[in-house]
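Summary of the model geometry
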Amino acid sequence: RELQAEMAEFLSHIPNLPADDTPPGSDETANVEVRRVGEPRRLNAAKQHFEIGEALGLMDFEAAAKMSGARFVFLKSDLARLERALACFMLDLHTEQFGYSETSPPFLVRDQAMFGTGQLPKFREEQFGTTNGYWLIPTSEVSLTNQVRESILDEAKLPLRFTAWTPCFRSEAGAAGRDTRGMIRMHQFQKVELVSITTPEQSNAEHERMTGAAEEVLKRLGLAYRVMALCTGDMGFSARKTYDLEVWLPGQNAYREISSCSNCGDFQARRMDARYRPAEGKGTRFVHTLNGSGVAVGRALVAVLETYQNEDGSVTIPEVLRPYMRGQEAIKPHG
């Protein structure tokens, strides 16, 4: 029993095997660009989002730091509403256009849930844990995917598609000195997540479909972006194939990740013991799980501020968000 426990602990640290068409490579320099969509906006004196937000009087890192330290922010008034508008727009799009079921999941989970999706045991130091045995979710992928743990599903009910808008909590261990200013890398941030539970035969097509759903968010917001196929050395622990969506940020004059869509195959299903009963044949098979950001709300806010900034300090609100902003067309500086 001791040897079996030792073997199980050892195996739990081994990542998923990459798919055959995942580009080989050791780091992000080997990632492969799949396509570009939209024309990046070029501005002579583009400001970064935190400069825009602070000048508007609606983004306060200093007040947040007094109570919580670095990597936290207060969003106020129109920016707080804009953040909510972005999330509501994304949820409406994914539920109405792409058939995802809106879910309000737990934000606190136990060890077995974090183990099931691959955050534990290897990435323990990157998580926020409580003093009484819970973990704050680093992404609602954990809660949404674990809905099917220790279950046997009917093939006729697959695929299952879930979406949720939740806060996410990450310690950002190892990120010292990276993106220290602004909202790119926070301890607490908002995200709309997409999760699919499918059969092995469906999962590749579902991966493309999920990526397309995330892309549609950026298209409707009028944001330029590119799709990158991650190489073997840059993929997450649980993924066998991943597409990153990188949005253009005029203030940084660079593409930055705003969504990551991954096919995990049966890797998480084995850790969760999540199976389905095929319509034909005997026995059960492991499901395939997929997850993606649809998209990161904070980074979408960053992209909107930088893309739609005006010389007078105001920010034009994208048309698709105006119904969620009571018809407001622009955010102007607050005195």
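It should be emphasised that the depicted structure is a prediction, and the values quoted were computed from it without experimental measurement.

Looking at the packing of aromatic side chains
Counting across every chain of the model gives three aromatic pairs. Here the aromatic cluster, defined as three or more aromatic residues joined through ring pairs, consists of Phe-123, Phe-237 and Phe-267. Its end group placed over the ring of Tyr-134, Arg-110 keeps NZ or CZ at 4.0 Å from the ring centre. Sitting over the face of the ring of Phe-115, Arg-271 holds its NZ or CZ atom 4.0 Å from the ring centroid.

As for the nonpolar core
Counting 56 residues, the largest nonpolar core has Leu-79, Leu-82, Leu-86 and Met-90 as its most contacted members. Per-element accounting of this core gives the leading share, nine residues, to helix H4 (residues 77-96). Ignoring any residue separated from it by four or fewer positions in sequence, one finds Leu-79 in contact with Gly-53, Leu-58, Met-59, Leu-301, Leu-305 and Ile-331. Listed in part, the 14 residues of the second largest apolar core include Leu-153, Ala-164, Met-272 and Val-287.

Some remarks on the sheet that holds strand S5 (residues 108-109)
With antiparallel pairing, three strands are arranged side by side in an open sheet as S5-S7-S6. At either margin of the open sheet sits one strand with a lone partner, and together these are S5 and strand S6 (128-129).

Comments concerning the layout of surface pockets
Reported here for the second largest pocket is a volume of approximately 280 Å³. For the second largest pocket, the lining is made up of 14 residues, of which Leu-43, Ala-45, Gln-309, Asn-310 and Glu-311 are closest to its centre. A breakdown of the residues in the lining of the second largest pocket according to their chemical character gives five nonpolar, five polar and four charged.

Concerning the sheet that holds strand S14 (residues 275-277)
The strand order S8-S14-S15 describes an open sheet built from three strands, whose pairing is mixed. Of all the strands in the sheet, the pair left with one neighbour each is strand S8 (152-154) and strand S15 (285-286). Pairing geometry for S14 and S15, over two bridges, is antiparallel. When the sheet's bridge partners are listed, Tyr-276 is paired in S15 with Arg-285.

Considerations on the pattern of salt bridges
Pairs may arise between side chains of opposite charge once their charged atoms sit close together. A full pass over the atoms with the stated rule returns 16 salt bridges. In this structure, the salt-bridge partner of Glu-172 is Arg-185, at a minimum N-O distance of 3.6 Å. With a gap of 13 residues between them, Glu-172 in the loop between strand S9 (160-169) and strand S10 (188-198) and Arg-185 in the loop between S9 and S10 connect regions that are remote in the sequence. Looking at Glu-172, the relative accessible area reads 18%, which means it is buried. In this structure, the salt-bridge partner of Lys-191 is Glu-193, at a minimum N-O distance of 2.5 Å. Glu-193 shares its class with Lys-191; the two are buried. Each member of the salt-bridge network shares a partner with another, and the members are Glu-33, Arg-36, Arg-226 and Glu-246.

Scoring rules and cut-offs
Residues numbered from 1 in each chain as written. Predicted model: local features only at pLDDT ≥ 70, side-chain atom pairs only at ≥ 80, totals over all residues. Heavy atoms only, no water. Phe/Tyr/Trp six-rings, centres within 6.5 Å; stacked < 30°, edge-to-face > 60°. Lys NZ or Arg CZ within 6 Å of the ring centre and 35° of its normal. Core = buried A, V, L, I, M, F, W, Y, C linked by side-chain atoms within 4.5 Å. Buried < 20%, exposed > 50% of the residue type's maximum accessible area, 1.4 Å probe, protein only. Helix = DSSP H or I, 4+ residues; strand = E, 2+ residues; numbered from the N terminus. Contact = heavy atoms within 4.5 Å. Pairing = 2+ DSSP bridges. 1 Å grid on protein atoms, 1.4 Å probe; cavity = no way out; pocket = protein on both sides within 12 Å on 5 of 7 lines; lining within 4 Å. Points joined across faces, edges and corners; volume = space filled by probe spheres on them. Nonpolar A, V, L, I, M, F, W, Y, C, P; charged D, E, K, R; others polar. Salt bridge = Lys/Arg side-chain N within 4 Å of Asp/Glu carboxyl O.

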